[in-house]
Amino acid sequence: MRGLVWVWRAAFVIVLAPLVLGLLYTAVNPASTLMLARWATGQRVEQSWVPLEAIAPALVRSVLASEDARFCQHNGIDLVELQNVMDTAEDGEPARGASTITMQLAKNLFLWNGRSFVRKGLEMPLALYLNLVMSKRRQIEIYLNIAEWGPNGEFGAEAAAQRAFGVPALRLSARQAALLAVMLPNPHRRDAAKPGPGLSRLASRLQARLPREGAELSACLGL
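Residues numbered from 1 in each chain as written. Predicted model: local features only at pLDDT ≥ 70, side-chain atom pairs only at ≥ 80, totals over all residues. Heavy atoms only, no water.

**Some remarks on the overall build of the protein**
Rules: Here a strand is any run of E in DSSP of at least two residues, a helix any run of H or I of at least four, and the numbering for each starts at the N terminus. Accessible area is worked out with a 1.4 Å probe on protein chains only. A residue is then buried under 20% of its type maximum, exposed over 50%, and partly exposed in between. Residues count as neighbours in contact if any of their non-hydrogen atoms are within 4.5 Å of one another.
For the protein, the helix and strand inventory stands at ten helices and zero strands. Overall, the protein shows an N-to-C arrangement of helices and strands of α-α-α-α-α-α-α-α-α-α. In the protein, which comprises 223 residues, the share counted as buried stands at 43%. Pairs at least 24 residues apart make up 68% of the contacts formed inside the protein by residues separated by at least 6 positions.

This is the structure:
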């Protein structure tokens, strides 16, 4: 009986912790679970937190266009993109992701890396909660500061910009911003500092899209 009580207490803490931390992170700058794991195991972590105002708008828009073009419209889960993915799967085409930046933020703050239906199931309610308690501006600010952005423990836009180009995040050019944005899905195999033909092509396609998509990408951010 005593063991069952402890199980329920542990479950309560596990459920309550993200709810409390989500509110706390509206004002306190967090670390990601991956950063914490690397610190705990003595691995390198390179990160310099910078406010959104100290990140080039070109990088903000490039990341939004690459990762979540409907960021300003959805409530944490992009139902339109989710339906598109389901339709694609029904047609027998290879499945693609439908993770929003808010969902990725929930994963980075509270969950673990790796593909898992359990993790994906937890991401969705956490994303809805984060979108409820946290402004879009704060969401993207945290995301850009804790995203893994290099092969050797580099996290956040400032460390990424310094490692790849030797400049602060505020001074990134449009091309540099595009290269960093398309690096995000796989920062261990894609390198903005030494882009191969494939990465360069992805960055060029992203740059070509940005003028068409325009200010709508970041309309909710005041950029």
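Read on for the rest.
**Points about the packing of aromatic side chains**
Let me state the cut-off plainly: Here the aromatic set is Phe, Tyr and Trp, taking the six-membered ring for Trp, and pairing holds for ring centres within 6.5 Å; pairs whose planes are under 30 degrees apart are stacked, those over 60 apart are edge-to-face, and all others are tilted. Charge-over-ring contacts are defined here by two conditions on Lys NZ or Arg CZ: a distance within 6 Å of the ring centre and an angle within 35 degrees of the ring normal.
Inspection of the entire model under this criterion finds one aromatic pair. Aromatic side chains tyrosine 25 and phenylalanine 110 sit 6.3 Å apart centroid to centroid with 10° between the ring planes, which places their arrangement in the stacked category. Taken as a pair, tyrosine 25 in the loop between helix 1 (2–24) and helix 2 (33–40) and phenylalanine 110 in helix 5 (residues 101–110) lie far apart in primary sequence, 85 residues in all. As far as burial versus exposure is concerned, tyrosine 25 and phenylalanine 110 are alike and both buried. Of note, lysine 136 hangs over the ring of phenylalanine 71, and the distance from its end group to the ring centre comes to 4.5 Å.

**Focus on the state of the cysteines**
Rules: Throughout, disulfides are identified as pairs of cysteine sulfur atoms within 2.5 Å of each other.
Inspection of every chain in the model, using the stated rule, returns one disulfide. A sulfur-sulfur separation of 2.0 Å characterises the disulfide bridge that pairs cysteine 72 with cysteine 220. Linking cysteine 72 and cysteine 220, the disulfide has an S-S dihedral of approximately -70° and is accordingly described as left-handed. Pair noted here: cysteine 72 is in the loop between helix 3 (57–67) and helix 4 (79–90) and cysteine 220 is in the segment after helix 10 (197–213), with a separation of 148 residues, a long-range link. For cysteine 220, a relative accessible area of 33% corresponds to the partly exposed category.

**Some words on the confidence of the model for the protein**
Filter applied, for reference: Per residue, pLDDT captures the predictor's confidence, and it can take any value from 0 to 100.
In this model, the protein carries an average pLDDT of 87, and 86% of its residues clear a pLDDT of 70 or more. Across the protein, helix 8 (residues 156–165) holds the top mean pLDDT of 98, while helix 4 sits lowest at 61. Taken together, the stretch residues 88–96 has pLDDT below 50 and engages in six contacts with residues farther than four places along the chain or on a different chain.

**Some words on helix 6 (residues 117–133)**
Which entries qualify depends on this criterion: Given the number of residues in a helix, its expected span is that number minus one, multiplied by 1.5 Å.
In this model, helix 6 (17 residues) spans 25 Å end to end at C-alpha, consistent with the 24 Å of a helix rising 1.5 Å per residue. Arg119, Glu123, Leu126, Ala127, Tyr129, Leu130 and Asn131 are the residues of helix 6 that are buried.

**Brief notes about the side chain of asparagine 145**
The condition that has to hold: In the analysis that follows, any N or O atom pair within 3.5 Å is treated as a polar contact, provided that within protein one partner can donate a hydrogen and the other can accept it, and provided that, for residues neighboring in sequence, both atoms belong to side chains.
Looking at the secondary structure, you find asparagine 145 in helix 7 (residues 136–146). Separated by 2.8 Å, the side chain of asparagine 145 and the backbone oxygen of valine 50 make a polar contact. Beyond its immediate chain neighbours, meaning those up to four positions away, asparagine 145 contacts Gln47, Ser48, Trp49, Val50, Ile55, Phe155 and Gly156.

**As for the environment of leucine 172**
Looking at the element boundaries, leucine 172 is found in the loop between helix 8 and helix 9 (174–183). For the pair leucine 172 and alanine 157, spaced 15 residues apart in sequence, the C-alpha separation works out to 9.9 Å. Contact partners of leucine 172, with chain neighbours within four places excluded, come to Ala56, Leu59, Ala161, Phe165, Val167 and Leu180.

**Some words on the packing of helix 3 against helix 7**
The line we're drawing: Orientation is described by lines fitted to C-alpha atoms, with helices fitted over the stretch in contact, and by angles between N-to-C directions that extend from 0 to 180 degrees. We call two directions roughly parallel when the angle between them is under 35 degrees, roughly antiparallel when it is over 145, roughly perpendicular when it lies between 65 and 115, and oblique otherwise. Each residue is assigned to one of three groups, with Ala, Val, Leu, Ile, Met, Phe, Trp, Tyr, Cys and Pro labelled nonpolar, Asp, Glu, Lys and Arg labelled charged, and all others, Gly among them, labelled polar.
In the contact formed by helix 3 and helix 7, the axes pass within 12 Å of each other and the chain directions differ by 90°. Taken together, helix 3 and helix 7 sit at an angle that is classed as roughly perpendicular. Within the contact between the two elements, helix 3 uses Val60, Val63, Leu64 and Glu67 and helix 7 uses Ile140, Tyr143 and Leu144. Tallied by class, residues from the contact of helix 3 with helix 7 come to six nonpolar, no polar and one charged.

**Re the side chain of arginine 138**
Inspection of the secondary structure assignment puts arginine 138 in helix 7. By relative accessible area, which is 9% here, arginine 138 ends up buried. At a separation of 2.6 Å, a polar atom in the side chain of arginine 138 contacts the side chain of glutamate 141. Here arginine 138 is in contact with Tyr25, Thr26, Ala27, Val28, Asn29, Pro30 and Trp49, once residues within four sequence places are set aside.

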